[in-house]
Amino acid sequence: MTPPLPTERAATVAHRTHHLADGREAVFFSDRGTAPVEQVVDRRPLDARSGHGEVRFDRLTGEWVAVAAHRQARTYLPPADQCPLCPSAGGRESEVPAADFDVVVFENRFPSLGPELGVLPDPHEAGERSLWGSPWPAYGRCEVVVFTPEHRGSFASLPPERARTVVEAWAQRTDALSALRGVRHVFPFENRGEQIGVTLHHPHGQIYAYPYPAPHAARLAARSRAHLDRTGRALMGEVLADEAEAGDRMVLAGEHFSAYVPYAARWPLEVHLVPHRQVPDLAALTGAERDELAVVYQDLVQRVDRLYDTPTPYIAAWHQSPVATADREAGWLHLQLTSPRRAEDKLKFLAGSEAAMGAFINDVTAEQTAARLREAAR
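Residues numbered from 1 in each chain as written. Predicted model: local features only at pLDDT ≥ 70, side-chain atom pairs only at ≥ 80, totals over all residues. Heavy atoms only, no water.

Novice: Pulling in residues and values, what's your account of the overall build of the protein?
Specialist: Secondary structure summary: the protein contains seven helices and 16 strands in total. In terms of overall dimensions, the protein is globule-like: its C-alpha atoms have a radius of gyration of 21 Å, near the 21 Å expected for 378 residues. By its C-alpha atoms, the protein is 60 × 55 × 45 Å across when sized along the principal axes. Counting only residues that meet the buried cut, the protein has 51% of its 378 residues in that class. Sequence-distant contacts in the protein: of pairs separated by 6 or more residues, those separated by 24 or more amount to 68%. Of the roughly 17800 Å² of accessible surface on the protein, a fraction of 51% belongs to carbon and sulfur atoms. (Helix = DSSP H or I, 4+ residues; strand = E, 2+ residues; numbered from the N terminus. Rg over C-alpha atoms; globule rule 2.2 N^0.38 Å. Buried < 20%, exposed > 50% of the residue type's maximum accessible area, 1.4 Å probe, protein only. Contact = heavy atoms within 4.5 Å. Areas by Shrake-Rupley, 256 points an atom, 1.4 Å probe, with all protein chains shown as cover.)

Structural data, given as structure tokens:
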């Protein structure tokens with residue numbers, strides 16, 4: 001395995017941290033060559049924050065489950081003139097107390113995890129039965145990543161420099177959140193479209209910092225570790241090489257990143273975007289890799305939008321290695337973009353086999369999806 005290159009800090013993408021009225025952090029990022037917002041005054045009479053959620057250990061699956069009943073009161077599909085992600089203006093105060101900005105990341109007002117930080121017990125050391133019946137605080141952090149001050153649009157429609165700023169925000173926040181007490185896994189993602197469950201139309205994503213490795217990440221990490229121990233090769237690197245050699249599922253290839261539809265795709269539309277170099281997370285990418293990522297990722301979501309006459313709902317999930325585990329050296333950063341849209345007017349719902357058994361049945365072949373995405377290039 002080639003030793004990783006040292007991370008290059010992209011100093012031209014600056015950021016500055018401010019605080020909202022209730023003490024939440026808000027980090028403003030600037031496009032290259034410009035300065036971030038220097039002064040923020042949040043005049044809203046917000047109550048002080050307190051911990052709300054809890055986590056419970058499921059003895060049957062060995063997984064933690066977060067319970068966030070307080071989120072029932074969160075904002076749901078407000079009209080444009082009441083959007084909490086638009087800049088504050090004309091006497092209307094939003095979650096972004098600035099008249100203008102490039103990209104801003106702030107702590108979610110209705111978090112599934114946090115704001116308390118702490119360390120959950122290890123189920124194996126504490127004894128799984130001892131964790132039953134006594135919920136633990138939902139330690140961690142949930143952040144909102146606002147891509148643009150413009151209310152309409154999407155990641156696909158951002159100016160190229162703004163897309164690059166979003167990439168820098170993901171990388172910086174991954175680094176910062178990974179260093180917080182008790183955080184075991186950092187997960188940046190974007191939900192796009194009401195069919196996915198979006199509650200705000202403004203172009204944005206989120207970042208969850210879990211106090212445990214998320215179940216899917218833990219399974220990937222364990223398989224990657226076992227494969228590396230058995231073969232001496234990284235599992236994702238082997239898959240990427242095999243997909244490149246096969247060719248019929250490849251969508252695009254750059255100097256640092258390639259995208260393909262996985263051989264055993266679960267969803268009607270599923271694409272993996274993978275760096276050619278093994279890195280555990282976005283923070284470990286070099287400046288050149290981040291530059292290309294902004295271009296190829298935007299190219300990918302633009303192709304997705306060209307498949308139909310109306311915007312396609314999707315989930316863009318960044319799979320990063322869990323923090324500070326023995327499996328981290330076997331992990332490999334990658335994006336998994338999925339959509340339930342199987343036709344112009346049809347969605348795939350997770351019914352009995354998928355929802356209950358986790359056994360997916362796809363309606364479209366991976367080769368068909370890849371061909372359509374290749375044809376959707378400009």
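Novice: How would you summarise the side chain of Ser258 if you had to cite specific residues and measurements?
Specialist: When you line up the elements, Ser258 lands in strand E11 (residues 257-260). Engagement of the side chain of Ser258 in a polar contact is seen with the side chain of His276, the distance being 2.8 Å. Ignoring sequence-local partners within four residues, the contact set of Ser258 consists of Leu240, Met250, Leu252, Ala253, His272, Leu273, Val274 and His276. (Polar contact = N/O pair within 3.5 Å; in protein donor to acceptor, adjacent residues only side chain to side chain.)

Novice: Break down the packing of aromatic side chains for me, citing the residues and quoting the values.
Specialist: This structure, assessed with the given rule, holds twelve aromatic pairs. Ring centres of Tyr210 and Tyr212 lie 5.7 Å apart, and the angle between their planes is 35°; this geometry places the pair in the tilted category. Note on Tyr212: relative accessible area 8%, which makes it buried. Between Tyr297 and Trp318 the ring centres are 6.0 Å apart and the planes differ by 65°, which places this aromatic pair in the edge-to-face class. Residue Tyr297 is found in helix H5 (residues 287-306), and its partner Trp318 is found in strand E13 (residues 314-319); the two are separated by 21 residues along the sequence. Taking relative accessible area as the criterion, Trp318 reaches 1% and is therefore assigned buried. Chaining the aromatic ring pairs together yields one cluster made of Phe147, Phe155, Trp170, Tyr297 and Trp318. The side chain of Arg341 reaches across the aromatic face of Tyr308, ending 4.2 Å from its centre. (Phe/Tyr/Trp six-rings, centres within 6.5 Å; stacked < 30°, edge-to-face > 60°. Lys NZ or Arg CZ within 6 Å of the ring centre and 35° of its normal.)

Novice: Outline the packing of helix H2 (residues 160-178) against H5, listing residues and values.
Specialist: Where H2 contacts H5, the two axes come as close as 9 Å, and the packing angle between them is 120°. The orientation of H2 relative to H5 falls into the category oblique. You can see that H2 and H5 cross each other, and the crossing is right-handed. For the pair H2 and H5, the contacting residues are Pro160, Ala163, Arg164, Val167, Glu168, Trp170 and Ala171 in the first and Gly287, Arg290, Asp291, Leu293, Ala294, Tyr297 and Gln298 in the second. When the residues that make up the contact of H2 with H5 are grouped by side-chain class, the tally is eight nonpolar, two polar and four charged. (Axes fitted to C-alpha atoms, helices over the stretch in contact; angles between N-to-C directions. Parallel < 35°, antiparallel > 145°, perpendicular 65-115°, else oblique. Left-handed = near helix turned anticlockwise from the far one by under 90°. Nonpolar A, V, L, I, M, F, W, Y, C, P; charged D, E, K, R; others polar.)

Novice: Give me the lowdown on the sheet that holds strand E3 (residues 54-58), citing residues and values where you can.
Specialist: The strand order E4-E3-E6 describes an open sheet built from three strands, whose pairing is antiparallel. Of all strands in the sheet, those with a lone pairing partner are strand E4 (63-67) and strand E6 (136-137), marking the two edges. Bridge count between E3 and E6: two bridges; the pairing is antiparallel. Considered in E6, the bridge of Val55 is made with Trp136. (Pairing = 2+ DSSP bridges.)

Novice: Help me get a handle on the nonpolar core, residues and values and all.
Specialist: With 52 residues, the main nonpolar core has Phe155, Trp170, Val251, Leu273, Leu293 and Tyr297 as its most contacted residues. Beyond its immediate sequence surroundings of up to four residues, Val251 is in contact with Ala259, Tyr260, Val261, Val271, Leu300, Arg303, Ala370, Leu373 and Arg374. Counting residues in hydrophobic clusters, the runner-up holds 17 residues, among them Trp64, Leu113, Leu131 and Cys142. (Core = buried A, V, L, I, M, F, W, Y, C linked by side-chain atoms within 4.5 Å.)

Novice: Give a description of the pairing of strand E1 (residues 15-19) that names residues and reports values.
Specialist: The pairing of E1 with strand E2 (residues 25-29) spans five bridges and is classified as antiparallel. What sits directly across from His18, in E2, is Ala26. Between the end of E1 and the start of E2, which pair antiparallel, lie five residues, with Gly23 showing a positive phi angle near 95°.

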